Amino acid sequence: MSFIIVFLVLGLLAITAAGIQNYRTKKKSQISRSGLHVEPLPNFDWETTAPLQFRPFKPIYHITMALKSTTPSDLITIDQNYLPRIRERRVTMTEHANHTLGCISCGNEAVQEVYIYLLRDYLPSRYPTVFSRDEKMFHNRVTGISLPLLPPDDPIAALRSLGETVEDDMFFLRETPEGHQCVAFVCCHPSGFDPAEKIGKLLKDIHGPVPSYEKIGPSMERYFSRLEVGKGACRVNWSVTTDPVLFNVSSNHVNKGDQVEEDMDIDIDKAWVRMELQTLTRMPKTRAILFSFKTYLCPVKEIKAEGLGADLADAIEGLRKGNAPGMWVYKGGIRWGKSVCEYLRS
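Report follows, based on the coordinates. (Residues numbered from 1 in each chain as written. Predicted model: local features only at pLDDT ≥ 70, side-chain atom pairs only at ≥ 80, totals over all residues. Heavy atoms only, no water.)

**Focus: the side chain of Arg274**
Assignment of secondary structure puts Arg274 in strand S9 (residues 272-282). For Arg274, which is buried and forms no salt bridge, the nearest opposite charge comes from Glu276, at a distance of 4.8 Å. A polar atom in the side chain of Arg274 sits 3.0 Å from the backbone oxygen of Val245. (Helix = DSSP H or I, 4+ residues; strand = E, 2+ residues; numbered from the N terminus. Buried < 20%, exposed > 50% of the residue type's maximum accessible area, 1.4 Å probe, protein only. Lys, Arg positive; Asp, Glu negative; His and termini not counted. Salt bridge = Lys/Arg side-chain N within 4 Å of Asp/Glu carboxyl O. Polar contact = N/O pair within 3.5 Å; in protein donor to acceptor, adjacent residues only side chain to side chain.)

**Here's the deal with the state of the cysteines**
Summed over the entire model, instances satisfying the criterion amount to zero disulfides. Its sulfur unpaired, Cys106 is 7.7 Å from the next cysteine sulfur, which belongs to Cys103. Given a relative accessible area of 34%, Cys106 falls into the partly exposed group. Cysteine Cys188 is unpaired, with the sulfur of Cys187 as its nearest cysteine sulfur at 7.0 Å. (Disulfide = S-S within 2.5 Å.)

**Some points on the sheet that holds strand S4 (residues 137-140)**
Strands pair in a sheet through their backbones, by hydrogen bonds, and they do so in one of two ways: parallel or antiparallel. Across the sheet, which stays open at both edges, the three strands sit in the order S3-S4-S5 with antiparallel pairing between neighbours. At either margin of the open sheet sits one strand with a lone partner, and together these are strand S3 (131-133) and strand S5 (146-148). Averaged over neighbouring strand pairs, the angle between their axes works out to 20° when direction is ignored. Taken together, the three bridges between S3 and S4 define a ladder with antiparallel strand orientation. Within the sheet, the bridge partner assigned to Ser132 lies in S4 and is His139. Taken strand by strand, helix H4 (residues 108-126) contacts S3, S4 and S5, and its axis lies near 110° from that of S3. (Pairing = 2+ DSSP bridges. Axes fitted to C-alpha atoms, helices over the stretch in contact; angles between N-to-C directions. Contact = heavy atoms within 4.5 Å.)

**Focus: the sheet that holds strand S7 (residues 179-186)**
Pairing is antiparallel across the open sheet formed by seven strands, whose spatial order is S1-S8-S9-S10-S6-S7-S2. The open sheet has two free edges, formed respectively by strand S1 (68-70) and strand S2 (101-103), since each of these has just one partner strand. In this sheet, adjacent strand axes meet at a mean angle of 35° when their direction is disregarded. Bridging between strand S8 (residues 232-241) and S9 involves nine bridges; their strand directions are antiparallel. The partner of Thr241 across the bridge, within S9, is Trp272.

**Topic: the nonpolar core**
Core analysis: the largest hydrophobic core is formed by 47 residues, its most contacted members being Trp238, Leu312, Ile316, Met327 and Val340. The element that contributes the greatest number of residues to this core is helix H11 (residues 333-345), accounting for five residues. Setting aside anything within four residues of it in sequence, one finds Trp238 in contact with Pro56, Phe57, Arg274, Met275, Leu312, Ala315, Ile316, Leu319 and Lys331. Counting 41 residues, the second-largest nonpolar core is a separate cluster that includes Trp46, Leu119, Met170 and Val183. (Core = buried A, V, L, I, M, F, W, Y, C linked by side-chain atoms within 4.5 Å.)

**Some thoughts on the packing of aromatic side chains**
Throughout the structure, instances matching the rule amount to 12 aromatic pairs. With a centroid separation of 5.8 Å and 25° between ring planes, the pair formed by Phe171 and Phe185 is classed as stacked. Taken together, the residues span a long stretch of sequence, with Phe171 in strand S6 (residues 169-176) and Phe185 in strand S7 at a distance of 14 residues. Among the residues examined, Phe171 registers a relative accessible area of 7% and is labelled buried. By the ring-pair criterion, three or more aromatic residues cluster together here, those being Phe171, Phe185, Phe193, Phe291 and Phe293. Residue placement shows Arg126 over the ring face of Tyr127; its charged tip is 5.9 Å from the ring centre. It is Lys304 that lies over the ring of Tyr343; its NZ or CZ is 4.3 Å from the centre. (Phe/Tyr/Trp six-rings, centres within 6.5 Å; stacked < 30°, edge-to-face > 60°. Lys NZ or Arg CZ within 6 Å of the ring centre and 35° of its normal.)

**Some remarks on the environment of Tyr117**
In this structure, Tyr117 sits in helix H4. Distance in space between the C-alpha atoms of Tyr117 and Asp154 is 17 Å, their sequence separation being 37 residues.

If you want it as C-alpha cells, here you go:
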C-alpha cells in the first residue's frame, strides 16, 4: 500500500513539474517571438493608479530632441483615466473617422505587426490583470471587448481596434531614400493639426509649420535610422490650452497667415497644461518605427497650487527667448501668455 502511495505522489510531482516547465516554456516563447522582453506588472490596479506627472518647465525654450532611453516595457502606460479615455476615443473615431484613422498600402504590414505585438505579446504580458489571451482571442477585462489575435485584412479596422484598446495615439513610419515617411496612423488626440494631412508625407514636410525645425530635422532622421530594436526613446512635449478638448485639429497652434487675437483675457478655470509623453519604438519584423504618444491634461491652477507658478510663467515667456523664438506664436503664447503669466505670478 505504501508503495502505491509513493508511486502516486511521485507521479503527481512529475505532472506538476512538467506543467510548470510547460508554462515557463510557453511564456518564454511568447516573448521570444517578438524578441522584446516585457516586465510584467502582476499586481497592477488601473483604478488606483494615478496618471504620471510631468513638469518639464525650463526658463528658456530650445528646440532639441531631448530624448531619454526607455525599455520595451515602457511602451504603454495605463492609469485611472483608462476607461473614460477609451470611451471618448471610440466616439471620436466614429465621428471623425477620416481624421483619426489612415493607412496607405505600404503601411499595411507595419499596422499588422504592431497589432499582433500589442494584443498577442505586450499587453497580456505587461498588464495581466487588465488583459488576457487564449490561443485565438485577446480579452480586455475592463471594457469586456474581445478581439482576434490575428489582425483583420483591413488596416483601418485594425487601427480602430488599437485605438479602442490603448490611449496612445500612433504614427507608423518607414524609412525611404528621401527620409522617414508616415504610412499609417490612429490619432484621437491631435493638438492643433489634422492627422489626415500627414499621411504619406516625410518628416520634414510633416513638421513644416514647426518653427526652427530645420535645426533638428537632420539629427532626427539620423537618430530614427539608427534606432535599434529593444532600445526605445521618449520625450515630453508641453503647451497651454484654453479648453480640455482632446481632439483638436485646428485651434491650439497659430500658423502663418492665421488671424490672431493677442493678449486675450483668459478664463483660468479653463486653462490647462497639455503634455504629451512621446515614445519611439523600432518594430523587429518590418523595421517600421512606431511613434506613439499619450496626452496628459493638468489644470493651470493645479500647477500654481503645487508652488510651480513662477516656473511655468518663466517657461511660457521663455518660448520666445531660445533658439526657436517662433514657438511663442506657434504654441499660442501670443494669445494666452500674458493673462496666464499674470495669474501664475499673482
